[in-house]
Amino acid sequence: MKQVDLLYTGKAKSVYRTDDPEVYIVKFRDDITAFDGEKKDTLSGKGRYNAEVSSFLFGYLEEHGIGTHYLASLEPATIAVRRLEMFPLEVIVRNVAAGSIVRRYPFREGEPLDPPVIVIDYKSDAHHDPMLNDDLIYALGLATPEELDQIKAMALAVNEVLSEYLDQRGITLVDFKLEFGHHDGEIVVGDEISMDSMRLWDKETGASLDKDVYRFNKGDVMETYAGVAKRILSPPQRGSA
Ligand code: TYD
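Computed from a prediction, not measured in an experiment: that's the story for all the values here. (Residues numbered from 1 in each chain as written. Predicted model: local features only at pLDDT ≥ 70, side-chain atom pairs only at ≥ 80, totals over all residues. Heavy atoms only, no water.)

(A) Spotlight on the nonpolar core. In terms of nonpolar packing, the biggest core is built from 56 residues, with Leu 89, Phe 180, Val 189, Ile 193, Met 198, Leu 200 and Ile 232 touching the most fellow members. If one sorts the elements of this core by residue count, helix H4 (residues 145–167) sits on top with nine residues. Non-local contacts of Val 189, meaning those with residues more than four positions away in its chain, are made with Phe 58, Ile 66, Gly 67, Thr 68, His 69, Met 154, Val 158, Leu 178, Glu 179 and Phe 180. (Core = buried A, V, L, I, M, F, W, Y, C linked by side-chain atoms within 4.5 Å. Buried < 20%, exposed > 50% of the residue type's maximum accessible area, 1.4 Å probe, protein only. Helix = DSSP H or I, 4+ residues; strand = E, 2+ residues; numbered from the N terminus. Contact = heavy atoms within 4.5 Å.)

This is the structure we're talking about:
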């Protein structure tokens, strides 16, 4: 399989076609952005950590019966994935109130959300990713009721698997964003699962272990990403299994 031409450049990843029409190559770049692209930087090595964590967690989900687009890790920061038709949806699962839900609604930061809350935004830079509801999703033709039901059920299944995995490593999965695509009638998880797309708190100290360190200048972003990648790729902490 050979990389051919650049298909798409996002804020932090680039997607290339290959000589196999069913396979794309995703490069996790060292770019980092926040606040709808208003804050931007390049942090050397960041792409590699996000690619490592994404690859690992996609593999872990597959082991637990959840389909993803992941095929293989090629080089540091580069993975091969299945070509998908993407749903233009950002599916956010929240276990603890933080971020936009605290700014927009009367939740207290750190308040547990049980059962978890799913929020779905429209992935559209032109419209600044507005929040959707089921009726808007159907009216805009973004997914059918059957597809949306399956997407929500898969998002909750991913939440269960990842929450437990991270908990065993002393990390609270506060919230995270998934994107879904379909191929031959099968819906699978696409995009990435990384420190850019999850909000992670240290269980002991409450410290941020994710892009909030960058958003709010909470410390050394690369040190945080390196540390959390190592924890995620390591066996459970003693006494927690
Ligand atoms: P949210 O609290 O809505 O965003 P913010 O704090 O940036 O206003 O984000 C919830 C989670 O989803 C958080 O872990 C980041 C992730 N996320 C993305 O990866 N991309 C996005 O476009 C959005 C809206 C959220």
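Moving on, there is more to tell.
(B) The arrangement of the site of the ligand in detail. Within the structure, the ligand sits among 16 residues, and Glu 90, Ser 100, Arg 103, Asp 175 and Arg 199 are positioned closest to it. Between the ligand and Ser 100 there is a distance of 2.6 Å, counted from an oxygen atom to a side-chain nitrogen or oxygen. Protein chains bury 81% of the 510 Å² of accessible surface belonging to the ligand in isolation. Among the residues making up the shell around the ligand, the classes are represented as four nonpolar, three polar and nine charged. (Near = heavy atom within 4 Å. Polar contact = N/O pair within 3.5 Å; in protein donor to acceptor, adjacent residues only side chain to side chain. Areas by Shrake-Rupley, 256 points an atom, 1.4 Å probe, with all protein chains shown as cover. Nonpolar A, V, L, I, M, F, W, Y, C, P; charged D, E, K, R; others polar.)

(C) Quick peek at the pairing of strand S6 (residues 70–75). Two strands pair when backbone bridges link them, and S6 and strand S7 (residues 78–82) are joined in this way by four bridges, in the antiparallel orientation. When the bridges of S7 are listed, Glu 75 appears paired with Thr 78. Counting the residues that bridge the hairpin from S6 to S7 gives two residues, and of these Ala 77 lies at a positive phi of roughly 75 degrees. (Pairing = 2+ DSSP bridges.)

(D) Representation of the sheet that holds S6 in the model. On the basis of which strands lie adjacent, the open sheet formed by five strands has the order S1-S2-S3-S7-S6 and antiparallel pairing. In this open sheet, the two strands that pair with only one neighbour each are strand S1 (3–9) and S6. Strand-to-strand twist across the sheet, computed as the mean angle between neighbouring axes with direction ignored, equals 30 degrees. Pairing analysis gives five bridges linking strand S3 (residues 23–28) to S7, with the strands arranged antiparallel. In the strand pairing of S7, Val 26 is matched with Ile 79. Against the sheet, helix H1 (residues 46–63) touches S3, S6 and S7, its axis set at about 150 degrees to S6. (Axes fitted to C-alpha atoms, helices over the stretch in contact; angles between N-to-C directions.)

(E) Structural context of the packing of H1 against H4. Close contact between H1 and H4 brings their axes to 11 Å; oriented N to C, the two are set at 120 degrees. Judged on the interaxial angle alone, H4 and H1 are oblique. For H1 against H4, the interelement crossing comes out right-handed. On the side of H1, the interface is formed by Phe 56, Leu 57, Tyr 60 and Leu 61, while H4 contributes Val 158, Val 161, Leu 162 and Tyr 165. Residue composition of the contact of H1 with H4, by class: eight nonpolar, no polar and no charged. (Parallel < 35°, antiparallel > 145°, perpendicular 65-115°, else oblique. Left-handed = near helix turned anticlockwise from the far one by under 90°.)

(F) A look at the UniProt feature "domain: SAICAR synthetase/ADE2 N-terminal" (unreviewed entry) in the protein chain. In this structure's numbering, the residues bearing the UniProt feature "domain: SAICAR synthetase/ADE2 N-terminal" (unreviewed entry) are residues 7–231. Secondary structure across residues 7–231 comprises 30% helix and 34% strand; the distance between its end C-alpha atoms is 33 Å. (UniProt positions renumbered as here; feature names shortened; annotations may be inferred.)

(G) Broad picture of unusual backbone geometry. For the peptide bond that leads from Asp 114 to Pro 115, omega is 5 degrees, which places it in the cis range. Inspection of the secondary structure assignment puts Pro 115 in strand S10 (residues 112–122). A positive phi angle is found at Asp 36, which is not glycine, with a value near 55 degrees. Examined against the element boundaries, Asp 36 turns out to sit in the loop between strand S4 (31–34) and strand S5 (39–42).

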